[in-house]
Amino acid sequence: MMELRQLRYLVAVVQAANFTRAAETLFISQSALSQQIQVLEQTVGTVLINRSKRGVSLTAAGSILYQHAERIFGELQQAETAIRELAGLQRGELTIGVVQTVNDYLIPALAASFANRHPRIKLLIEEAPADTIEQRLVAGELQLGLSFVPSSHELLASQELFEERLALIVRSDHPLASQQEVAVSALDTMELVLLAKSFCTRRLWEESARLAPAQPRIVMELNTVSSILAVVERTGLPTVLPALSLNDRPTANLARIRLINPTPARKVGLLWQRDVYRCHATQAFSELVQTATAHLREA
C-alpha cells in the first residue's frame, strides 16, 4: 500500500528535478530517499522516475501518480483549514495568485482593506503568469486566483469581475495626447515600449495589432508596469497597457487614449478549485474584491 510519506518524497524529487536537492529539502539522506522511491515503484509495479546523468524525469505512470499526489496534498490542506475553522480558530493564512497588471493597479488597496478588516489573517499575495496561477490552484498551492477568465481547466471555477481594456498611454506633450480614441492601425510604425512577450498583455496587444493591421516598432521591453510608465514619462515613448494602470497614480504627465478597431480587452475574474471547501478568509476576500470592483463592471 502506498504511503503519504512516499508520495511526498515523489513530489519533492519532481519539484527539485534532482535526488540530492530533494533529499536536502526533506532532511533525509539521498540513499534513504532513493530507497523509498524504489519501494513506491515496487508497490505500484512500474518505474515512476527515469534516472540519468542529466537529471530525473517522470515516466507516463510517474506523471499520473504525481498529478494525483499534488491533488491529495492540496485536499489535505483544505481539510486542515476547514477543521481549524470548525474549532473556532480565527487566524490563518490566505494565499492568492495575481497576474502582474491586476496586482499593480488593484491589489494594494484591496490588501490594505482586507488587513484592516481581518488583522489576524496573514495575507500572502504571489504575482505569477495566468497559466502558473491555474496550475497552482489545481495543485492546491493557492486558495484563490485573480486572473483572466474563463479558465479552460475543468477543475477550476471562476467568476467574472470586470473587463480590462488596453489603452495607448502617452506623455502629455505627445501629438496624440488630446485624442479620446485612436485606431490601432494608426500605430503602424510607431515606436513603443512594451511588456515582454511572456506577458498576456503583450500577446493580447499583438493579436489586436495583427487584426488592425499594424506593425509598430518595439524599441524597448520591460518586465514591470511601473518601470514602463517611468520610461514613458522620461522619454516620451508611448506604451500599450491596461487603462486601469493609471488608476491611483498622479496622471498630470500621462494620458490614456482608448484603442479601437479593435479594442484589446479581456475578462478579469476570480478563480478557485471547483468542489473544494472554501475557507472563511477566501470567501471574505472574494466578497471584498467583488465590492471593490463593482464600479468597473458598470464602466
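Throughout what follows, the structure given in this document is the object of discussion. In this numbering scheme, every chain counts its residues from 1 along its sequence in written order. Under the rules for a predicted model, residues below a pLDDT of 70 receive no local features and side-chain atom pairs below 80 are neither given nor counted, while totals for whole chains, interfaces and linings still include all residues. The side-chain values count all of the structure's non-hydrogen atoms but skip hydrogen atoms and water molecules.

The topology assignment puts H295 in helix α11 (residues 294-297). It is 26 Å that separates the C-alpha atoms of H295 and E134, two residues lying 161 residues apart in sequence. Counting of polar contacts relies on pairs of N or O atoms within 3.5 Å, with two restrictions inside protein: one atom must be capable of donating a hydrogen and the other of accepting it, and residues adjacent in sequence are counted only when both atoms are side-chain atoms. In this structure the side chain of H295 is engaged in a polar contact, spanning 3.2 Å, whose partner is the backbone oxygen of A292. Runs of E in the DSSP output that reach at least two residues are strands. Runs of H or I that reach at least four are helices, and both are numbered from the N terminus.

The next subject is the pattern of salt bridges. By convention in these notes, a salt bridge is any Lys or Arg side-chain nitrogen within 4 Å of a carboxyl oxygen on Asp or Glu. All told, the structure shown has 15 salt bridges when counted by the stated rule. Its salt-bridge partner being E41, residue R51 comes within 3.5 Å of it at the nearest N-O pair. Separated by ten residues along the polypeptide, R51 in strand β1 (residues 49-52) and E41 in helix α3 (residues 30-44) bring together distant segments of the chain. Under the relative-accessibility criterion, R51 is labelled partly exposed at 42%. For R136, the salt bridge identified is with E141, shortest N-O distance 2.9 Å. By relative accessible area, R136 is classed as partly exposed at 23%. E141 gets classed as partly exposed once you look at its relative accessible area, which sits at 34%. Because the salt bridges share partners, they merge into one network encompassing E160, E163, R165 and K267. In this scheme, a residue with accessible area under 20% of its type's maximum is buried, one over 50% is exposed, and one in between is partly exposed, where area comes from a 1.4 Å probe on protein chains only.

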